[in-house]
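Chain residues, written in single-letter form:
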Amino acid sequence: MIIAAMPKSKSTKFALLPEKLPKILAFANQKGGAGKSTGAVHAADWFTQNGRSTILIDADGQQSSSGWLKDLGLPYKVISDPEILFDELPLLAEFYDVVIVDGPGNASEVTKAILIRSNLVLIPCRDSMIDLASTGKIVQFVRQAKEIRGGLPIAALYLNAVKDNTILLREATEALQSSIIPLLNTTIPDRQCVKDAPGQGSTVFRMKGEAAKAVAYAYTKILTEALKLFESES
Ligand SMILES: Nc1ncnc2c1ncn2[C@@H]1O[C@H](COP(=O)(O)OP(=O)(O)O)[C@@H](O)[C@H]1O
Ligand SMILES: [Mg+2]
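Note that the structure is a prediction, hence the values are computed from the model and not measured.

Caption draft 1: Focus on the packing of aromatic side chains. With the rule as written, the count across this model stands at 1 aromatic pair. Considering the side-chain rings of Trp46 and Phe47, the 5.1 Å spacing of their centres and the 75° angle between planes classify their relative orientation as edge-to-face. One cation-aromatic arrangement involves Arg117 over Phe86; the distance from NZ or CZ to the ring centre is 3.9 Å.

In structure tokens:
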């Protein structure tokens, strides 16, 4: 007797992913060192490991994420010209499940092109007062893009590299909660393994140890939370 094999259920294997995904997902913040490249590379690895085809667009002149993607063996392209970004992002979105854009650390035409073409924008922010004070600029850019596009991009802030046992977190959370852009509940902890990841050509999803596991869990949680927000708002 032949027993039919159980069909591999997409919903069990990739239970985390909602049906509706943003075709173009950007990490933006004109502040350097916020965690855009780290977030974008981890998102690219996460989507790939969850069975979705992904390309990372390195739109930063510094090209930090493209070298990292090369080491990871994942697809990437460097595009730092705003007009080329504007034209190419939708074309790339036809060939990949998710196009991830790593934005530059300045409030430039490149950032504007990214906001005009993205469906979901994640804004990493550190919990220092200097970083918090500078989020006004990117929030203003996002608001203007939303006005032009009638609601898109869906955007969310998140706190990155949060130190343990600090009262800054509460203050930062309160400051960001007053923004017109929602603050995700999940935060990414400050861990040495995250700093080590590019040098090792790895991500926390591929690294061993408790700290890497904890950050991997936080990235999974934050991406899941962001995708749910996108699904409910778009
Ligand atoms: N969660 C984290 N814990 C520890 N270090 C982090 C974390 N996120 C980012 N970093 C480090 O902070 C620095 C800036 O991060 P990066 O992603 O390059 O920022 P951006 O692309 O916004 O300039 C890098 O050295 C990176 O390794
Ligand atoms: Mg960067």
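Caption draft 2: Layout of the confidence of the model for the protein chain. Averaged over every residue, the pLDDT of the protein chain is 91; the share at 70 or more is 93%. Every residue in residues 1–13 scores below 50 in pLDDT, and together they form 2 contacts with partners more than four places removed in sequence or on other chains.

Caption draft 3: Just the sheet that holds strand S6 (residues 154–159), in detail. An order of S3-S2-S4-S1-S5-S6 is seen for the 6 strands of this open sheet, with the pairing classed as parallel. Looking at strand neighbours, the two that pair on one side only are strand S3 (76–78) and S6, the edges of this open sheet. When the angles between neighbouring strand axes are averaged without regard to direction, this sheet yields 20°. Pairing of strand S5 (residues 120–125) with S6 involves 6 bridges; the strand directions are parallel. Across the sheet, residue Val121 finds its bridge partner in S6, namely Ala155. Each of strand S2 (54–58), S3 and strand S4 (98–102) touches helix H3 (residues 64–72); the most contacted strand, S2, lies at about 150° to it.

Caption draft 4: Highlighting the site of ligand 1. Surveying the vicinity of ligand 1 reveals 16 residues, the closest of which are Gly33, Lys36, Thr38, Arg126 and Pro189. Between ligand 1 and Ser37 there is a distance of 2.9 Å, counted from an oxygen atom to a backbone nitrogen or oxygen. For ligand 1, whose accessible area on its own is 560 Å², the fraction buried by protein is 81%. Of all the elements, helix H2 (residues 36–49) adds the most residues to the shell around ligand 1, at 3 residues. When grouped by side-chain class, the residues that make up the shell around ligand 1 number 5 nonpolar, 6 polar and 5 charged.

Caption draft 5: How the structure looks around the pattern of salt bridges. Scanning the entire structure with this criterion turns up 7 salt bridges. One salt bridge in this structure joins Arg206 and Asp45, with 2.8 Å as the shortest N-O distance. Residue Arg206 is located in the loop between helix H9 (192–196) and helix H10 (210–233), and its partner Asp45 is located in helix H2; the two are separated by 161 residues in the primary sequence. A relative accessible area of 38% means that Arg206 is categorised as partly exposed. Salt-bridge contacts for Lys213 lead to Glu210; the nearest nitrogen and oxygen are separated by 3.7 Å. With a gap of 3 residues between them, Lys213 and Glu210 both fall in helix H10, about one helical turn apart. With relative accessibility at 61%, the residue Glu210 sits in the exposed group.

Quick notes on the rules
Residues numbered from 1 in each chain as written. Chains lettered and ligands numbered in written order. Predicted model: local features only at pLDDT ≥ 70, side-chain atom pairs only at ≥ 80, totals over all residues. Heavy atoms only, no water. Phe/Tyr/Trp six-rings, centres within 6.5 Å; stacked < 30°, edge-to-face > 60°. Lys NZ or Arg CZ within 6 Å of the ring centre and 35° of its normal. pLDDT = per-residue confidence, 0-100. Contact = heavy atoms within 4.5 Å. Pairing = 2+ DSSP bridges. Helix = DSSP H or I, 4+ residues; strand = E, 2+ residues; numbered from the N terminus. Axes fitted to C-alpha atoms, helices over the stretch in contact; angles between N-to-C directions. Near = heavy atom within 4 Å. Polar contact = N/O pair within 3.5 Å; in protein donor to acceptor, adjacent residues only side chain to side chain. Areas by Shrake-Rupley, 256 points an atom, 1.4 Å probe, with all protein chains shown as cover. Nonpolar A, V, L, I, M, F, W, Y, C, P; charged D, E, K, R; others polar. Salt bridge = Lys/Arg side-chain N within 4 Å of Asp/Glu carboxyl O. Buried < 20%, exposed > 50% of the residue type's maximum accessible area, 1.4 Å probe, protein only.

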